[in-house]
Structures are given as structure tokens and as C-alpha cells.
Amino acid sequence: MPGEPQADCLFCKIVAGDVPATIVRETKTTVAFRDINPQAPTHILVIPRVHHPDAASLATAEPAVAADVLREAGEIAEEEKLGSYRLVFNTGSGAGQTVFHAHAHVLGGRGLQWPPG
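Description of the structure in this document. (Residues numbered from 1 in each chain as written. Predicted model: local features only at pLDDT ≥ 70, side-chain atom pairs only at ≥ 80, totals over all residues. Heavy atoms only, no water.)

**Here we look at the sheet that holds strand 2 (residues 30-34)**
Link 1 in the chain: In spatial order, the strands read 1-2-3-5-4; together these five strands make up an open sheet with antiparallel pairing. Of all strands in the sheet, those with a lone pairing partner are strand 1 (23-26) and strand 4 (85-88), marking the two edges. Strand-to-strand twist in this sheet, taken as the mean axis angle between neighbours without regard to direction, amounts to 20°.
Link 2 in the chain: Where strand 1 and strand 2 come together, three bridges link them in antiparallel fashion. (Pairing = 2+ DSSP bridges. Helix = DSSP H or I, 4+ residues; strand = E, 2+ residues; numbered from the N terminus. Axes fitted to C-alpha atoms, helices over the stretch in contact; angles between N-to-C directions.)

Encoded structure:
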């Protein structure tokens, strides 16, 4: 059921504290941690504590939590002193989504050319 923790979800396990992560910020609605396979010098994931399979599902079901994810991404970019950064939401395996729990990638610390690979 959307919103409920999923037993087979890596990010739900991180939220529950069952899987370790290098957490950089936590709020009532979000958890942010460093990506274990960084694609830039700064690569932090911001996830909602509630489970939704992707950003669109989260925004539809819980728009205030989706806004919290975006707000936290901005706060993290400021804390990490990123003058410019990219926010990425992958949706579906064809777009590179590997964990089907909504999450934002905060990427920065190097030039990020457009279009991305």
C-alpha cells in the first residue's frame, strides 16, 4: 500500500535504521544521505520517510511531502556550499531508477554539462 513501509525496499530499511547510511540531514518527513556510488563530488539522496514508488506518485498522494523533499534538497545544497547543482528524479528502470522509492539526487561539485548522458 502506498505510503506504508515496504519490507523489500532498501530506502524503507534506511528510514527504519535497519540498513546503515551516511545520513546528512533528517526531518520529520525526509531523510538525506550520501549516495554509495556517487556520480559527482557531492551526491546526496533525499527521500521521503513514506514509501511511494516515484516522484510523481509521491506528488499526487502527498504533495506537502514532495515539497519537503525539494526544500531539503535546497537546504542540503546550501549546507554543502554548492553554488550550482542538479536535482534528478529518475522514474522507471529505463530512466535509471534502481530503487523504487521516490528520491531526489542532489548532484554538484563539478561542471554538469547538458544534456546529461
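There is more to say, and it comes next.
**Focus on the nonpolar core**
Link 1 in the chain: If you look at the biggest cluster of nonpolar residues, it comprises 14 residues, and the most contacted ones within it are Ala32, Ile44, Val46, Leu58, Val69, Ile76 and Val106.
Link 2 in the chain: Listed by contribution, the elements that provide at least two residues to this core are strand 3 (42-48), helix 3 (63-79) and strand 5 (104-108).
Link 3 in the chain: Per-element accounting of this core gives the leading share, six residues, to helix 3.
Link 4 in the chain: Setting aside residues up to four positions removed in sequence, Val46 forms contacts with Thr30, Val31, Ala32, Val69, Glu72, Ala73, Ile76, His103, Ala104 and Val106.
Link 5 in the chain: With nine residues, the next largest nonpolar core counts Ile14, Val31, Leu45 and Val99 among its residues. (Core = buried A, V, L, I, M, F, W, Y, C linked by side-chain atoms within 4.5 Å. Buried < 20%, exposed > 50% of the residue type's maximum accessible area, 1.4 Å probe, protein only. Contact = heavy atoms within 4.5 Å.)

**As for the pattern of salt bridges**
Link 1 in the chain: Inspection of the entire model under this criterion finds five salt bridges.
Link 2 in the chain: In this structure, Glu72 and Arg25 form a salt bridge, with 2.5 Å as the shortest nitrogen-oxygen distance. Taken together, the positions of Glu72 in helix 3 and Arg25 in strand 1 put the pair 47 residues apart, joining distant regions of the chain.
Link 3 in the chain: The exposure class of Glu72 is buried, given its relative accessible area of 8%.
Link 4 in the chain: Between Glu26 and Arg49 there is a salt bridge, with its nearest N and O atoms 2.9 Å apart. A residue pair is termed long-range when its members are at least 10 positions apart, and Glu26 in strand 1 and Arg49 in the loop between strand 3 and helix 2 (55-61) qualify at 23 residues.
Link 5 in the chain: Through salt bridges with shared partners, a single ionic network connects Arg25, Glu72 and Glu79. (Salt bridge = Lys/Arg side-chain N within 4 Å of Asp/Glu carboxyl O.)

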